[in-house]
Amino acid sequence: MSFSFFSRQTTLQRMSTRYYDLIVIGGGITGAGIALDAALRGLRVALFEKHDFAFGTSSRSTKLIHGGLRYLKQLEFGLVKEVGSERAIVHKLAPQLTVAEKMLLPLNEGRGLGSFLTSFGLRLYDWLAGVKPEDQRRMLTRNQTLKAEPLLKPDDIKGSGLYAEYRTDDARLTIEIIKSAAYYGADILNYVTVTAFDYENEHVKSVALKDELTGNVIHVRAAAVVNATGPWVDTLRDFDKSKFGKRLHLTKGVHIVFPQEKLPIKQALYFDVPDGRMIFAIPRGRTTYVGTTDTDYTGNIEDVHTTREDARYLVNALNDSFPTVKLSINDIESSWAGLRPLIHEEGKSASELSRKDEIFISHSGLISIAGGKLTGYRKMAERVVDLVIRKYFEEKPLKKCYTDKVQLSGSEFENAKDVTEYQKRIERQLQPYGLETFASYLVANYGRNTNLILDHLSKQQGAKDDLALARAELWYGIHHEMVISPLDFFVRRTGMLFFHVSRLKTLREAILSDFQQAFGWNEQQLAVQREALEQAVAAATLKNS
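Computed from a prediction, not measured in an experiment: that's the story for all the values here.

A. Up close: the overall build of the protein chain. Helix and strand content of the protein chain: 17 helices and 18 strands. Expected size for 545 residues packed as a compact globule is a radius of gyration near 24 Å; at 23 Å, the protein chain falls within 12% of this value. Projected onto its principal axes, the C-alpha coordinates of the protein chain cover approximately 70 × 60 × 45 Å. Relative to its full complement of 545 residues, the protein chain shows a buried share of 60%. Taking the contacts inside the protein chain whose residues are at least 6 apart along the sequence as the reference set, 73% of them involve residues at least 24 apart. Summing over all exposed atoms, the protein chain offers an accessible surface of approximately 22300 Å²; the carbon and sulfur share of this is 51%.

B. Representation of the environment of R221 within the structure. Position of R221 among the secondary structure elements: in strand 10 (residues 217-227). Looking at R221, the relative accessible area reads 39%, which means it is partly exposed. The sequence separation of R221 and D21 amounts to 200 residues, and the corresponding C-alpha distance is 8.6 Å. With sequence-adjacent residues up to four places away left out, R221 is seen in contact with T17, R18, Y19, Y20, I23, K205 and S206.

C. Here's a closer look at the pattern of salt bridges. Summed over the entire model, instances satisfying the criterion amount to 39 salt bridges. Through salt bridges with shared partners, a single network forms among D52, R172, E176, K179, E481, D488, R492 and R493.

D. Up close: the packing of aromatic side chains. Enumeration over the complete set of coordinates arrives at 20 aromatic pairs. Their ring planes at 80 degrees and their centres at 5.2 Å tell us that F5 and F6 sit as a pair that is edge-to-face. On the accessibility criterion, F5 (24% relative accessible area) is partly exposed. Between the aromatic rings of Y446 and Y476, the centroid separation amounts to 5.6 Å while the plane-to-plane angle is 80 degrees, which identifies the pairing as edge-to-face. Taken together, the residues span a long stretch of sequence, with Y446 in helix 11 (residues 439-446) and Y476 in helix 13 (residues 466-480) at a distance of 30 residues. In this pair, the class of Y446 matches that of Y476, namely buried. An aromatic cluster of three or more residues is present, and its members are F5, F6, F515, F519 and W521. Over the ring of W336 we find K63, and its NZ or CZ is 4.7 Å from the ring centre. The ring centre of F499 lies 4.0 Å from the NZ or CZ of R284, which sits over that ring.

E. Spatial organisation of the environment of L430. Within the element layout of this structure, L430 appears in helix 10 (residues 416-430). Distance in space between the C-alpha atoms of L430 and K153 is 42 Å, their sequence separation being 277 residues. Excluding residues that lie within four positions of it along the chain, L430 makes contacts with L435, E436, F438, A439, L442, L454 and L457.

F. Local environment of a positive patch on the surface. On the surface, R308, R312, K505 and K543 cluster together into a patch of positive charge. With relative accessibility at 42%, the residue K505 sits in the partly exposed group.

G. Geometry of the nonpolar core. Counting 71 residues, the largest nonpolar core has I34 and F48 as the members making the most contacts within it. Contact partners of F48, with chain neighbours within four places excluded, come to M15, I23, V24, I25, G26, G27, L189, V192, V194, V207, L209 and V220. Judged by nonpolar contacts, the second largest core, of 42 residues, contains F55, L104, V304 and L339.

H. Broad picture of helix 13. Between its first and last C-alpha atoms helix 13 spans 21 Å; for 15 residues at 1.5 Å apiece the expected length is 21 Å, and the two agree. Residues of helix 13 that are buried include every one of A468, L469, A470, A472, E473, L474, Y476, G477 and I478, and no others. For helix 13, the elements touching its buried residues are helix 6 (170-183), helix 11, helix 12 (450-459), helix 14 (486-493) and helix 16 (501-519). Where helix 13 ends, the next residue or the one after it, M482, has phi of about 55 degrees, a positive value.

I. Fine view of the side chain of T494. Note on placement: T494 falls in the loop between helix 14 and helix 15 (496-499). Looking at T494, its side chain comes within polar contact range of the main-chain oxygen of F489, at 2.8 Å. Those residues in contact with T494 that sit more than four places away from it in its chain are Y441, N445, Y446, E473 and F489.

J. Quick look at the packing of helix 11 against helix 12. Direction vectors running N to C along helix 11 and helix 12 enclose 125 degrees, while the axes themselves pass 9 Å from each other. Accordingly, the angle class assigned to the pair helix 11 and helix 12 is oblique. Residues L442, V443 and Y446 of helix 11 touch helix 12, and the partners they reach there are T450, I453 and L454. Its residues assigned to classes, the contact of helix 11 with helix 12 comprises five nonpolar, one polar and no charged.

K. Structural view of the side chain of T287. Note that T287 resides in strand 14 (residues 287-291). Those residues in contact with T287 that lie beyond four places of it in its chain are V257, F258, P259, Q260, I282, E333 and F499.

L. Local environment of unusual backbone geometry. For the bond running from G291 to T292, omega is 20 degrees, close enough to zero to count as cis. Although it is not a glycine, K63 sits at a positive phi angle of roughly 60 degrees. Classification of K63 as buried rests on a relative accessible area of 2%. Residues other than glycine seldom take positive phi values, yet K326 does so here, at roughly 50 degrees.

Cut-off values and rules
Residues numbered from 1 in each chain as written. Predicted model: local features only at pLDDT ≥ 70, side-chain atom pairs only at ≥ 80, totals over all residues. Heavy atoms only, no water. Helix = DSSP H or I, 4+ residues; strand = E, 2+ residues; numbered from the N terminus. Rg over C-alpha atoms; globule rule 2.2 N^0.38 Å. Buried < 20%, exposed > 50% of the residue type's maximum accessible area, 1.4 Å probe, protein only. Contact = heavy atoms within 4.5 Å. Areas by Shrake-Rupley, 256 points an atom, 1.4 Å probe, with all protein chains shown as cover. Salt bridge = Lys/Arg side-chain N within 4 Å of Asp/Glu carboxyl O. Phe/Tyr/Trp six-rings, centres within 6.5 Å; stacked < 30°, edge-to-face > 60°. Lys NZ or Arg CZ within 6 Å of the ring centre and 35° of its normal. Patch = residues over 30% accessible without salt bridge, like charges linked within 9 Å, V, L, I, M, F, W, Y side chains within 5 Å. Lys, Arg positive; Asp, Glu negative; His and termini not counted. Charge placed at Lys NZ, Arg CZ, Asp CG, Glu CD. Core = buried A, V, L, I, M, F, W, Y, C linked by side-chain atoms within 4.5 Å. Expected span 1.5 Å × (residues − 1). Polar contact = N/O pair within 3.5 Å; in protein donor to acceptor, adjacent residues only side chain to side chain. Axes fitted to C-alpha atoms, helices over the stretch in contact; angles between N-to-C directions. Parallel < 35°, antiparallel > 145°, perpendicular 65-115°, else oblique. Nonpolar A, V, L, I, M, F, W, Y, C, P; charged D, E, K, R; others polar.

Now the structure itself:
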């Protein structure tokens, strides 16, 4: 099945005439998971996203598939058990996208939990999360800790715990789930906005849908409608006149990115700072990224970005824990900021709010889901689809949830060793062009779909250089991943804005030219897209804050 801009009009036409079992509004990780689960069980599914897939929270997390160690402090044992056990499942479903990462948890004199409680907490974490024996926690002495990470301030280090997590690319995980849902029959579009609900007997029966590319409006009918729009959940509940009782509490999380040579830590760390917050510092290729903050947010949810104040807080925390690096805001290469759509609890601060998901059902039948964690997307989806089936399709012979057994698009690997072998093969293919250093990036991003990119690269005329590779990636994105704008490509398909902004700047004009040719943009349309890209680069690099 084609998942491309060029099949868009056909999909819109089908949506306007077909009656669906389920409409999913929202193309983040939660909506994607619901669409895949429902399609696999045999429901006829449509999914709409007003921006690009993973535009919101699902491209702006800490990019970890993790068990939520910090939630032990809040005694949320059920949440730790669920998302902890889900880590192994997500790794199995997409081993190239979930990379094992040992996390060092330093113990400091005068703050934190102390050695005994940390050891007990990590052991409890391993038990709840079902961690394999070889990955279970180890407690390190002071000397072992400083050998593992020499940049740590030695003055008050007492020791550390070493435990297992997984690093991921949240946006890539979301797009692979979206593509898998489309493969199994779901009709899916980005850049379409729900503008209203249509009712019969006070029950939602269809949605008015505006195509943001043409301005055309269609009405799409379904038995059930799910609102999985993350920070926009309450906006749709307002449309439905059903925002009563519980409501969202948005908190902002910021991450900053340094060139690896500016923050050359040897491994990933999870450390506490003087005000009591916990912060991650994670090496990733040529960079090290750090986060996150957790502050209340009441601003424009369409435009969330890192401020210099946010960045200064993280830089100060780093300089306190790693005093020899002497970082400044000018050392920051890029950044991102996202919103957590948590459930409001009176009297609780941003960091005290539960990360549990909750489902709201309105008088009109609109089902809304909010809260939750990236790692728990599959179980959240299962709960929503179970509810939809109980309410609307109990008599229908539908399958039970089996998303734990279906590998995602491009993820046809047995295990991490299989990924490594495939990466070596890709390195050999790229060696004649001098591009072998891109092999790990390509395999992590696209999995076995890298084959399609390299096949297109081999057919291109001219030099097989960095630009030719990027153009092959763009061709793949447009024809197989519903890429429509330069920001789709540079932010959510390649992560270049965050992790290789210098490459983005080098490639920018050539890639814009390819977009113009592919989509037939006139000069005014090209100028609009160039301006949007320049604004995004300025925001990420703190040039406009």
